Each structure stands twice: as structure tokens, then as C-alpha cells.
Amino acid sequence: MKGQAFNKRLRFALQGLYVAFCREHSVRAHLLAGSGVILVLLMTRPPAIWWAIAILTVGVVLMAELLNAALETLADHLHPEQHPEIGAAKDIAAGAVLIAAIAAAMVAVAFWLR
Ligand SMILES: Nc1ncnc2c1ncn2[C@@H]1O[C@H](COP(=O)(O)OP(=O)(O)OP(=O)(O)O)[C@@H](O)[C@H]1O
């Protein structure tokens, strides 16, 4: 399956987004929060740098959430039974989402204090 055409790989990626959106409540929640951020940007019309920071931040949070969902899906499929190392892997991935969310909250505070 290596070396597929670009449009095929794009289709796989879009399919992945669709699957994550349908299956994962937290992906939907973060997508909703991201839409809220875009709405705030449209309403407040800040300088371009804030658009860049906000869009990058939303992207990083969504990316962390998607990678977390991918890891959980893989772990649950390959090892459905309980195992401390599976738990550790899931906790680490959840930690990555938490870091991204804290960074996003700090960006939001900086935006309101600007
Ligand atoms: N197979 C397992 N073995 C050991 N611990 C697990 C296992 N699966 C989950 N855990 C523990 O339970 C926690 C929650 O796991 P779960 O898969 O429900 O993640 P979640 O983030 O709540 O998932 P979801 O996005 O589906 O709500 C993990 O972070 C981990 O600590």
C-alpha cells in the first residue's frame, strides 16, 4: 500500500477524519470548540497574527486529539484485554491532549488580555 497517488492518500486522510468525527465524542467537542474560536475571530477581527496563533492552536489541539483517538483505536484492536502498558500508552496520549488544551487555554487568556 506504499506510494499511492496523492488523491488516494487524501481520500484516506478524509476518511480518517470522518471516522474519528463519527466515533469520537471528544473529536466532535474539540471541533465545536474550534468553530467557536473561528466565530470569535470573525466577530472581533483581531490583527492577522492572532488569526495565525488561534488557527495553529486549534490545529494542534485537534491533531493531538486525532492522534490520541488513533492510538486508542489501535491499542483496543491489537490488545482488547487489560494491560498496564496499554493503560500507560493511553494515559501518555491523553497527557498530550491535556498539554495542547492547557496551551490553548493560555492562548485564549493572552487573547483576552491583549
Ligand atoms: N486495555 C487497557 N489496559 C489497561 N488500562 C486501560 C486499558 N484501556 C483503558 N485503560 C485505562 O483507562 C483509561 C481510559 O481508557 P479509554 O480507552 O476509555 O480512554 P478514553 O480517553 O476515556 O476513551 P474515549 O475517547 O473512548 O472516551 C486509559 O487512559 C487507561 O488509564
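Refer to the structure presented above.
It should be emphasised that the depicted structure is a prediction, and the values quoted were computed from it without experimental measurement.

Attention now moves to the overall build of the protein chain. Of regular secondary structure, the protein chain possesses four helices and zero strands. Reading the protein chain from its N end, one meets helices and strands in the order α-α-α-α. Relative to the globule expectation of 13 Å for 114 residues, the C-alpha radius of gyration of the protein chain, 17 Å, shows a markedly less compact shape. Along the three orthogonal principal directions, the C-alpha set of the protein chain runs to about 50 × 40 × 25 Å. Split into buried and exposed, the 114 residues of the protein chain put 20% on the buried side. Relative to all contacts within the protein chain whose residues are 6 or more apart in sequence, the contacts with residues 24 or more apart total 62%. For the protein chain, the accessible area works out to roughly 8,300 Å², and carbon and sulfur atoms hold 73% of it. For the protein chain, the separation between the mean place of its 9 positive charges and that of its 7 negative charges on side chains is 19 Å.

A complete count under the given rule lists one salt bridge for this structure. In this structure, the salt-bridge partner of D76 is K90, at a minimum N-O distance of 2.6 Å. Of the two residues, D76 is situated in helix 3 (residues 48-78) and K90 in helix 4 (residues 84-113); the sequence distance between them amounts to 14 residues.

Near the ligand you find E24, E72, E81, Q82, H83, I86, G87, K90 and D91, and these make up its full shell. In this structure, E24 approaches the ligand through a side-chain N or O atom, which is 3.2 Å from an oxygen atom. At 2.9 Å, a side-chain N or O of E72 approaches an oxygen atom of the ligand. Coverage of the ligand by the protein chains reaches 55% of its 620 Å² of free accessible surface. Looking at which element gives the most residues to the shell around the ligand, the answer is helix 4, with four residues. For the shell around the ligand, the per-class residue count stands at one nonpolar, three polar and five charged.

About the cut-offs
Residues numbered from 1 in each chain as written. Predicted model: local features only at pLDDT ≥ 70, side-chain atom pairs only at ≥ 80, totals over all residues. Heavy atoms only, no water. Helix = DSSP H or I, 4+ residues; strand = E, 2+ residues; numbered from the N terminus. Rg over C-alpha atoms; globule rule 2.2 N^0.38 Å. Buried < 20%, exposed > 50% of the residue type's maximum accessible area, 1.4 Å probe, protein only. Contact = heavy atoms within 4.5 Å. Areas by Shrake-Rupley, 256 points an atom, 1.4 Å probe, with all protein chains shown as cover. Lys, Arg positive; Asp, Glu negative; His and termini not counted. Charge placed at Lys NZ, Arg CZ, Asp CG, Glu CD. Salt bridge = Lys/Arg side-chain N within 4 Å of Asp/Glu carboxyl O. Near = heavy atom within 4 Å. Polar contact = N/O pair within 3.5 Å; in protein donor to acceptor, adjacent residues only side chain to side chain. Nonpolar A, V, L, I, M, F, W, Y, C, P; charged D, E, K, R; others polar.

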